[in-house]
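Understanding the architecture of this molecule
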Amino acid sequence: MANSLPTEFDVVVIGTGLPESILAAACSRSGQRVLHLDSRSYYGGNWASFSFSGLLSWLKEYQQNSDIGEEGSTAWQDLIYETEEAITLCRKDETIQHTEVFCYASQDVNDNIEETDVLQKSPSWVASSTLIKPLDSACLSEETHPLYVSSYEMSAKDTTKNNGEVTDAAETLVKEYCRYKTYKHTVSDGAKDETKPILEDNSDPPKRNRITYSQIVKEGRKFNIDLVSKLLYSQGLLIDLLIKSNVSHYAEFKNVTRILAFREGKVEQVPCSRADIFNSKDLTMVEKRMLMKFLTFCLDYEQHPDEYQAFVQSSFSEYLKTKKLTPNLQHFVLHSIAMMSDSPCTTIDGLKATKNFLQCLGRFGNTPFLLPLYGQGEIPQCFCRMCAVFGGIYCLRHKVQCLVVDKESGRCKAIIDHFGRRISAKYFIVEDSYLSEETCLNVQYKQISRAVLITDQSVLKAESDQQISVLIVPPVEPGACAVRITELCSSTMTCMKDTYLVHLTCSSSKTAREDLESVVKKLFTPYAETEIDKEELKKPRLLWALYFNMRDSSGVSRSSYNGLPSNVYVCTGPDCGLGSEHAVKQAETLFREIFPSEEFCPPPPNPEDIFFDGDDKQPEPSGTSNIVMAKLESSEGSKNLESPGKHLQN
């Protein structure tokens, strides 16, 4: 289908991460002809979410350092004219490093491993003219992957080939990966039916279901594992953009149910709202009054500069000590409300973060945060759907070999893909992972340490087992970074029943395992440990763990890149922050640079305002499909136009 792809566009976007997807949607919404490409087999880049086997496939690619789509590429050197020069793009993604996998769950050799989420390898492109229902996840299976369907449709044979069957490739992949950099701790034969830890006293051990690795693989489709752990502030830029543009209709959201704190080796729940504070049994009446007084001050701290002016140069923790807060309250405010690590946080930064936290309370629930069902990877896909509704064309597994630059003007005029096709455009937006080493020679990157864990229970038990929690573990050593933990239950559609999906994130100082393993050991115990004391028995059991480092390019300025034409714009990858504010700001800033007179992601047209005047003139052919698609999409969601936040569930 590559031969039917148009060769002229207004905007070419390379990479389907969140900022690129927002930009593509904004450009398409403003009437630009958009081509959105990605050499990967999935949407989202480093913002993607995977099923369990999809994650194993992704890991295997990185650990084998395989080039994506290199085979079958047409030589591009002969396609460059004398008046042109080429800027080559990177052949493989090098943003992920130091991947390490540990499997602690027992492996039952009698179980048949069934898995169908296999990466597709055949190149295809999908143009958008018919919108189908939103995907349930960022799975990589053939039956669900294309977001939009037009003249290209998969055959029924291909669609149902892997449905309900065990493919040899998938079984081989799982078995092979079990041998490849995976460490297993098996349970003794006596514990085949149920694992019963040995206790020194007569108290009954907590009842836990035995979960094997085979079960995790069989239920792999119920996992949606994020590469980057993010939440949405309920009063943040991303939520505002989702509601304003009506993109929120393409996804569903849940409210984070509780904020936790780790203090003196124990996990405690942090009271956030007024009701939580006065209902808390862990705070004395004096502490409740002190905390309420301080939080009330933080809501309008700008109106009382005398209260903090003398501490502008001091750290937030030093400032908190002057407010006569108890050590317990200081810890809650610093690490769980402001969510700032100790030393780098100034007083002003801490007050701003605390105010932002408080302002986000109550809009959708008792905490300030939302998260999308089926994983973070849904958000980029939602903006891709919006782009497609207004005429954008999508091509996955479509590699771009180089940018073609006119020597005289110094502007980029086209790209050359791996088929040797030249595609022209006015503007080019490129994810930074596609830029070559020569272009990024002077760039200094930071790193993010990430861990993904599958556990059998929550870090803090509650009456309901469907808790969504955020926990900040403060740094042990001065100058170190705090570790942010997000724990997701099965109702978020990110893990199987009776398990929890736990994400750990911090700024890197070493490898991810070296940065995060100490925190993992504090909160969890390996599943197959038999000689453990009573305290260890209370901890959640660790079934599976992944550690990796991800590149953080959020602080890189455009001037750091070598030889980029003026009409080539670079989008950075995920940052280490909890929210996605940086991605939204970057997308809006670049859009206003490219199209200063256009509105950024305006609201969709009202169905009542769309009409065809058949008496005077017929609508122009170039805009007809866009208007029809807008009418179809809007009529489907017209009941919700006045309440765009309806899909944001509590």
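Below is a short write-up of the structure. Everything numeric in this text was worked out from a predicted model, so none of it was measured.

Turning our attention to the environment of Ser248. As for its position among the elements, Ser248 is in the loop between helix 6 (237-245) and strand 11 (253-255). Separated by 124 residues in the primary sequence, Ser248 and Pro372 have C-alpha atoms spaced 9.9 Å apart.

This part takes up the environment of Val389. Mapped onto the secondary structure, Val389 falls in helix 12 (residues 378-389). Sequence-wise, Val389 and Ala25 are 364 residues apart; in three dimensions their C-alpha atoms are separated by 9.0 Å.

Time to look at the nonpolar core. Membership of the largest hydrophobic core comes to 102 residues, with the highest contact counts inside it found for Phe52, Phe294, Phe316, Phe369, Leu504 and Trp544. Sort the elements by how many residues they give to this core and strand 25 (residues 541-552) lands first, with eight residues. Formed by 49 residues, the second largest nonpolar core is a distinct cluster that contains Val11, Leu241, Cys384 and Ile594.

This paragraph deals with the pairing of strand 20 (residues 446-455). Burial of strand 20 is extensive: eight of the 10 residues sit out of reach of the surface. Note that strand 20 and strand 25 share 10 bridges and pair antiparallel. In the sheet register, Leu453 faces strand 25, and the bridge partner there is Ala545. Across eight bridges, the pairing between strand 20 and strand 23 (residues 500-507) is antiparallel. For Leu453, the partnering residue across the bridge sits in strand 23 and is Val502.

Moving on, we come to the pattern of salt bridges. Tallying each qualifying case throughout the model produces 20 salt bridges. A salt bridge links Arg40 to Glu431; the shortest N-O distance between them is 3.4 Å. With Arg40 in the loop between strand 2 (34-37) and strand 3 (49-50) and Glu431 in strand 19 (residues 427-431), this pair connects stretches of sequence that are 391 residues apart. The exposure classification of Arg40 matches that of Glu431, with both residues buried.

Turning our attention to the state of the cysteines. For the structure on display, the rule yields zero disulfides. For the unlinked cysteine Cys387, the closest cysteine sulfur is that of Cys384, found at 7.0 Å. Residue classification places Cys387 among the buried positions, given a relative accessible area of 0%. We note that Cys489 lacks a disulfide partner, and the nearest cysteine sulfur, in Cys495, lies 6.7 Å from it.

Spatially, the three strands line up as an open sheet ordered 10-14-11, and their pairing is antiparallel. With one partner strand each, in any of the chains shown, strand 10 (232-233) and strand 11 form the two edges of the open sheet. Taken together, the three bridges between strand 11 and strand 14 (residues 369-372) define a ladder with antiparallel strand orientation. Looking across to strand 14, one finds that Phe253 is bridged to Pro372.

Before going further, it helps to spend a moment on unusual backbone geometry. Even without glycine at this site, Lys324 takes up a positive phi of about 60°. Here Lys324 shows up in the loop between helix 9 (316-322) and helix 10 (327-337). According to the relative accessible area criterion, Lys324 is exposed, its value standing at 71%. In this model, Cys601 sits at a positive phi of 45°, which is unusual for a non-glycine residue. One can find Cys601 in the loop between helix 15 (581-594) and helix 16 (621-636).

Tallied over the entire structure, the rule returns 18 aromatic pairs. Centre to centre, the rings of Tyr43 and Tyr394 are 5.9 Å apart; their planes meet at 55°, and the pair counts as tilted. Separated by 351 residues along the polypeptide, Tyr43 in the loop between strand 2 and strand 3 and Tyr394 in strand 15 (residues 393-395) bring together distant segments of the chain. Taken individually, Tyr43 and Tyr394 each receive the classification buried, so the pair is uniform in this respect. With a centroid separation of 6.4 Å and 20° between ring planes, the pair formed by Phe102 and Tyr104 is classed as stacked. The exposure classification of Phe102 matches that of Tyr104, with both residues buried. By way of ring pairs, the aromatic residues Tyr42, Phe50, Trp58 and Phe548 are connected into one cluster. One residue, Lys323, lies across the ring of Phe297, its end atom 5.0 Å from the ring centre.

The next thing to look at is the packing of helix 6 against helix 12. At a closest axis distance of 12 Å, the pairing of helix 6 and helix 12 adopts a crossing angle of 30°. With respect to their mutual orientation, helix 6 and helix 12 come out roughly parallel. For helix 6 against helix 12, the interelement crossing comes out left-handed. Counting all contacts with helix 6, which are made through Leu238, Leu241, Leu242 and Ser245, the residues of helix 12 involved are Ile379, Phe383 and Met386. Class assignment for the residues of the contact of helix 6 with helix 12 results in six nonpolar, one polar and no charged.

A few words now on helix 6. Within helix 6, burial applies to Leu238, Ile239, Leu241, Leu242, Ile243 and Ser245. Looking at the buried positions of helix 6, the neighbouring elements they touch are helix 1 (18-29), strand 10, strand 11, strand 14, helix 12 and helix 15. The first or second residue beyond helix 6 is Asn246, which carries a positive phi of 70°.

Cut-offs used in this document
Residues numbered from 1 in each chain as written. Predicted model: local features only at pLDDT ≥ 70, side-chain atom pairs only at ≥ 80, totals over all residues. Heavy atoms only, no water. Helix = DSSP H or I, 4+ residues; strand = E, 2+ residues; numbered from the N terminus. Core = buried A, V, L, I, M, F, W, Y, C linked by side-chain atoms within 4.5 Å. Buried < 20%, exposed > 50% of the residue type's maximum accessible area, 1.4 Å probe, protein only. Pairing = 2+ DSSP bridges. Salt bridge = Lys/Arg side-chain N within 4 Å of Asp/Glu carboxyl O. Disulfide = S-S within 2.5 Å. Phe/Tyr/Trp six-rings, centres within 6.5 Å; stacked < 30°, edge-to-face > 60°. Lys NZ or Arg CZ within 6 Å of the ring centre and 35° of its normal. Axes fitted to C-alpha atoms, helices over the stretch in contact; angles between N-to-C directions. Parallel < 35°, antiparallel > 145°, perpendicular 65-115°, else oblique. Left-handed = near helix turned anticlockwise from the far one by under 90°. Contact = heavy atoms within 4.5 Å. Nonpolar A, V, L, I, M, F, W, Y, C, P; charged D, E, K, R; others polar.

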